[in-house]
Protein chains: 2
Amino acid sequence: MTDPGPVTDAPRRGPAANAELALLLEVAGTPKPGNVDRARDLAALRFEHFLAGAVGARPGLERAAAGDPVGVAFETAVAGMSEQSGGNTQFGCLLLLTPLVRAAAAEDRALSPDGVAAVCEGTTVDDAAGFYRAFERVDVAVSDPPEGMDALDVRRGADAVPALRERGTTLFDVMRESAAPVDDRGPPGDANAREWVAGFPRTFRAAEAIAADNGPIVDRAARAFLDLLAETEDTLVRTQHGPDVAREVRDRAGEIDSLDGAAAWADELVERGINPGTTADVTAAALFVALERGVSV
Amino acid sequence: MTDPGPVTDAPRRGPAANAELALLLEVAGTPKPGNVDRARDLAALRFEHFLAGAVGARPGLERAAAGDPVGVAFETAVAGMSEQSGGNTQFGCLLLLTPLVRAAAAEDRALSPDGVAAVCEGTTVDDAAGFYRAFERVDVAVSDPPEGMDALDVRRGADAVPALRERGTTLFDVMRESAAPVDDRGPPGDANAREWVAGFPRTFRAAEAIAADNGPIVDRAARAFLDLLAETEDTLVRTQHGPDVAREVRDRAGEIDSLDGAAAWADELVERGINPGTTADVTAAALFVALERGVSV
């Protein structure tokens, strides 16, 4: 009889596990006005869809941690996330988490603005193709593309891949286009794309705020969400309800000074169908960075 | 430029992922009187501890799915589960899930009472050693061992391993001892151990009820929990509060006829510190079987 002996290689949570946990902690934080949280469901999108989305995303996140290309890892994560009946739960979160996990899992553990910027800048046309294909896995709310970019409308999914190849467009190029304001007076570009092209400045700042905050991590996440919401118009709100509502939500978030104060507003936004999902994406990314830097649950 | 092409091997959730999801759905179901659920925390044991416990358990569950010995897989799962500050979250759940995952992942997908019984009956002394070592990872509430079994008190942890070896006690033997009532008039044995030695009868019955029920899976889980609680005294309640309270809880559960009706009682049990954790273990196991059999989220 050979005793295998005690389990000594008990894995501490690696980057993929922390990314999955960040998805779960994000949706558990409450109140997060307008979003599904521990206390609120939307009509057809419920808490348990986010639980299944997070579990399903793990194999894709593991691929990112293993150093697989960002596009393949992201498409795999989105495919797994979609194995639930609620629809799109965490597409935007995964777009942020995939390069962050890859950077955190690199040999030099380069989870820094420069490290993740290098991952993003190093993406290829194949990565862009994976990103476009991911749109075929789930319905994602997006704006019309800028003028002259119809061939690269993400809603074309895999049909856009030949145009990507012809133009040599990398995933970083796609994000750079999406991050740019349409014109000087126009709305800012996509907030997640802005993280991608600039070394995730809001993500790292919010992670520092979470680390410096006190109390349960889910409460810190809810406070970080409110601070992020007060800072910049939410891209999804602007896409779905226009710039006036996006500004209103941003300004109102700036008047909230406690989680208790946010609860009534949270119910109001749910009733009005106003869902600041892009701000939730950045919150999940910030939670990941905080967990990787040792904030404990 | 070589296009890796679409991700075609997008993994559907396998048994380890379904087991992790079952842990998450179990804690999300509400009201589950006396337990942490989506709407309630206990004093030092909060919802987010269960989220981290589920994520941390995944590598151990993956080992069970890969066919590793039950003891090693269980110890790995418990070690990962313990990487959070709340203490014991899902020890009992994992004791049930480990052989169920192993059976579900077997070549013949033997997720049936006979299949899991064969896994349990096939456990070894090494598996028993892993089980005992797992008690060193986290504080678990247990009763005193039966007379003459002091050497095998699980609270001895790894110190009990020489006695296991000397007596040739397998993990199945340990469970058979724990499942037995102390005497004819005494309380029934440990409810999780009774599942182990009898092919998981309550687990499979509750899984069928979940599959036949309607509505969101988390509501089905809460109803299954109440039915299980009304059926048999909860082992953890008996261990912590004695047989009279265990009977009171069982009888009171039998009077509940809706989730709404359970909400006030849920608050009462939390206030009294009465935590029917063993019934939650069986609920998680039943959710796993239901997911494996195609109940969707």
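The present account deals with the structure reproduced in this document. Values in this document were obtained by computation on a predicted structure and should not be read as measured data.

**Some thoughts on the side chain of A:Thr235**
Here is step 1 of the chain: Tracing the backbone shows A:Thr235 in helix α12 (residues 235–241).
Here is step 2 of the chain: Dropping the residues within four chain positions of it, A:Thr235 is found in contact with A:Gly189, A:Asp190, A:Ala191 and A:Thr278.

**Brief notes about the interface of chain B and chain A**
Note on interface size: it is often stated as the accessible area lost on association of the parts.
Here is step 1 of the chain: Each side of the interface is counted separately: chain B has 48 residues, and chain A has 48 residues.
Here is step 2 of the chain: Buried area between chain B and chain A, both sides added, is near 4,200 Å², and the carbon and sulfur share of it is 58%.
Here is step 3 of the chain: Remark: the boundary between chain B and chain A carries four salt bridges.
Here is step 4 of the chain: Salt-bridge contacts for A:Arg38 lead to B:Asp41; the nearest nitrogen and oxygen are separated by 3.0 Å.
Here is step 5 of the chain: The set of elements that each furnish at least two residues to the side of chain B that touches chain A consists of α1 (15–28), α2 (47–65), α3 (70–81) and α6 (125–134) of chain B.
Here is step 6 of the chain: Class assignment of the residues belonging to the side of chain B that touches chain A gives a composition of 23 nonpolar, six polar and 19 charged.

**Examining the nonpolar core**
Here is step 1 of the chain: Counting 170 residues, the largest nonpolar core has A:Phe131, A:Phe288, B:Phe131 and B:Phe288 as its most contacted members.
Here is step 2 of the chain: When near neighbours in sequence (up to four residues on either side) are disregarded, A:Phe288 contacts A:Pro15, A:Asn18, A:Ala19, A:Ala22, A:Leu97, A:Leu100, A:Val101, A:Ala104 and A:Leu111.

**A closer look at the environment of A:Arg46**
Here is step 1 of the chain: Locating A:Arg46 in the fold gives a position in the loop between α1 (15–28) and α2 (47–65).
Here is step 2 of the chain: Residues A:Arg46 and A:Glu121 lie 75 residues apart in sequence; the distance between their C-alpha atoms is 35 Å.
Here is step 3 of the chain: The residues contacting A:Arg46, other than those within four sequence positions of it, are A:Val36, A:Asp41 and B:Pro216.
Here is step 4 of the chain: At 2.7 Å, the side chain of A:Arg46 and the side chain of A:Glu48 are in polar contact.

**A word on the relation of the copies chain B and chain A**
One copy of the chain maps onto the other through a rotation about an axis followed by a shift along the same axis.
Here is step 1 of the chain: When chain B is brought onto chain A, the operation consists of a screw motion whose angular component is 180° and whose axial shift is 0.0 Å, with 0.0 Å RMSD remaining. Those values place the two copies in the arrangement expected of a two-fold rotation axis. Rotation axis and chain B: the residue whose C-alpha lies nearest the axis is B:Arg38, separated from it by 3.2 Å.
Here is step 2 of the chain: Taken together, the interface assignments show that 100% of the residues at the interface of chain B recur at the interface of chain A, consistent with an identical surface on both copies.

**A look at unusual backbone geometry**
Residues and elements named next belong to chain A.
Here is step 1 of the chain: In this chain, Thr30 is followed by Pro31 through a cis amide linkage whose omega measures -5°.
Here is step 2 of the chain: On the secondary structure map, Pro31 appears in the loop between α1 and α2.
Here is step 3 of the chain: Even without being glycine, Phe200 reaches a positive phi, approximately 55°.
Here is step 4 of the chain: Tracing the backbone shows Phe200 in the loop between α9 (191–197) and α10 (201–212).

**Some words on helix α15 (residues 277–292) of chain A**
Residue and element names in this part refer to chain A.
Here is step 1 of the chain: Here α15 is 16 residues long and its end C-alpha atoms lie 23 Å apart, about the 22 Å a rise of 1.5 Å per residue gives.
Here is step 2 of the chain: Of all 16 residues in α15, 16 are buried, a share of seventy percent or more.
Here is step 3 of the chain: Just past α15, the residue Gly294 takes up positive phi, approximately 100°.

**Points about the pattern of salt bridges**
Here is step 1 of the chain: Scanning the entire structure with this criterion turns up 48 salt bridges over all chains.
Here is step 2 of the chain: A salt bridge links A:Arg12 to B:Glu83; the shortest N-O distance between them is 3.5 Å. Placement of A:Arg12 in the segment before α1 and of B:Glu83 in the loop between α3 and α4 (91–105) is noted, with the two residues assigned to different chains.
Here is step 3 of the chain: The partner of A:Glu233 in a salt bridge is A:Arg250, and the shortest N-O contact between them spans 3.7 Å. Of this pair, A:Glu233 sits in the loop between α11 (217–231) and α12 while A:Arg250 sits in helix α13 (residues 243–255), and the two are 17 residues apart along the sequence.
Here is step 4 of the chain: A residue is classified by how much of its surface remains accessible, and A:Arg250, at 23% relative accessible area, is partly exposed.
Here is step 5 of the chain: Among the ionic contacts, a cluster of salt bridges with common partners joins A:Glu248, A:Arg252, A:Glu268 and A:Arg272.

**Section: the environment of A:Asp108**
Here is step 1 of the chain: Along the polypeptide, A:Asp108 turns up in the loop between α4 (91–105) and α5 (113–121).
Here is step 2 of the chain: Taking the C-alpha atoms as reference points, A:Asp108 and A:Arg133, separated by 25 residues in sequence, lie 30 Å from one another.

**Section: the packing of aromatic side chains**
To describe a pair of aromatic rings, you give the distance between the ring centres and the angle between the ring planes.
Here is step 1 of the chain: A full pass over the atoms with the stated rule returns 13 aromatic pairs over all chains.
Here is step 2 of the chain: With 6.4 Å between their ring centres and 50° between their planes, B:Phe91 and B:Phe131 make a pair best called tilted. With a gap of 40 residues between them, B:Phe91 in helix α4 and B:Phe131 in helix α6 connect regions that are remote in the sequence. For the pair B:Phe91 and B:Phe131, a shared accessibility class is recorded, and that class is buried.
Here is step 3 of the chain: An aromatic cluster of at least three residues, connected via ring pairs, comprises A:Phe74, A:Phe91, A:Phe131, A:Tyr132 and A:Phe135.

**Points about the packing of α10(A) against α11(A)**
Residues and elements named next belong to chain A.
Here is step 1 of the chain: One way to put it is that α10 packs onto α11 with a least axis distance of 9 Å and a crossing angle of 140°. In terms of orientation, α10 lies oblique with respect to α11. Where α10 crosses over α11, the handedness of that crossing is right-handed. Within the contact between the two elements, α10 uses Arg202, Arg205, Ala206, Ile210 and Ala211 and α11 uses Arg220, Ala224, Leu228 and Glu231.

**Considering the packing of α2(B) against α4(B)**
For any two helices packed against each other, the geometry comes down to the angle between their axes and how far apart the axes lie.
Residues and elements named next belong to chain B.
Here is step 1 of the chain: Direction vectors running N to C along α2 and α4 enclose 40°, while the axes themselves pass 7 Å from each other. When the axis of α2 is compared with that of α4, the two are oblique. For the element pair α2 and α4, the recorded crossing hand is right-handed. Between α2 and α4, the contacting residues are Ala57, Leu61, Ala64 and Ala65 on the first element and Leu94, Leu97, Thr98, Val101, Arg102 and Ala105 on the second.

Conventions adopted
- Within any chain, residue numbers begin from 1 and follow the written order of that chain's sequence.
- Labels are handed out in written order, letters beginning with A for the chains and numbers beginning with 1 for the ligands.
- Predicted model: local features are reported for residues with pLDDT of at least 70 only, side-chain atom pairs are reported and counted for 80 or more only, and whole-chain, interface and lining totals are derived from all residues.
- Computation of side-chain values: all heavy atoms of the structure, hydrogens and water removed.
- Numbering of helices and strands runs from the N terminus; a helix is a DSSP stretch of H or I covering at least four residues, while a strand is a stretch of E covering at least two.
- The contact rule is simple, with two residues in contact once any of their heavy atoms fall within 4.5 Å.
- Values labelled buried area give the accessible surface lost by two parts on being combined, using a 1.4 Å probe and summing over both.
- Should a side-chain nitrogen of Lys or Arg be within 4 Å of a carboxyl oxygen of Asp or Glu, the pair is scored as a salt bridge.
- Classes in brief: Ala, Val, Leu, Ile, Met, Phe, Trp, Tyr, Cys and Pro nonpolar; Asp, Glu, Lys and Arg charged; the others, Gly included, polar.
- Think of a nonpolar core as a cluster: buried Ala, Val, Leu, Ile, Met, Phe, Trp, Tyr and Cys residues, connected wherever their side-chain atoms sit within 4.5 Å.
- A 1.4 Å probe rolled over the protein chains alone gives each residue an accessible area, and that area as a share of the maximum for its type sets the label: buried under 20%, exposed over 50%, partly exposed in between.
- In protein, a polar contact requires one atom able to donate a hydrogen and another able to accept it; more generally it is a pair of N or O atoms within 3.5 Å, and residues adjacent in sequence count only if both atoms are side-chain atoms.
- C-alpha atoms of residues with pLDDT of at least 70 in both copies form the basis for the least-squares superposition of the copies.
- Between the first and last residue of a helix there are one fewer steps than residues, each counted as 1.5 Å, and that sum is the expected span.
- Aromatic contacts are taken between Phe, Tyr and Trp rings whose centres are within 6.5 Å, Trp giving its six-membered ring; a plane angle under 30 degrees counts as stacked, one over 60 as edge-to-face, and the others as tilted.
- To get an axis, fit a line to the C-alpha atoms, keeping to the stretch in contact for a helix; angles then go from 0 to 180 degrees between the N-to-C directions.
- In what follows, roughly perpendicular refers to angles from 65 to 115 degrees, roughly parallel to angles under 35, roughly antiparallel to angles over 145, and oblique to any angle outside these ranges.
- Handedness of a helix crossing follows the sense of rotation of the near helix relative to the far helix, less than a right angle counterclockwise being left-handed and clockwise being right-handed.

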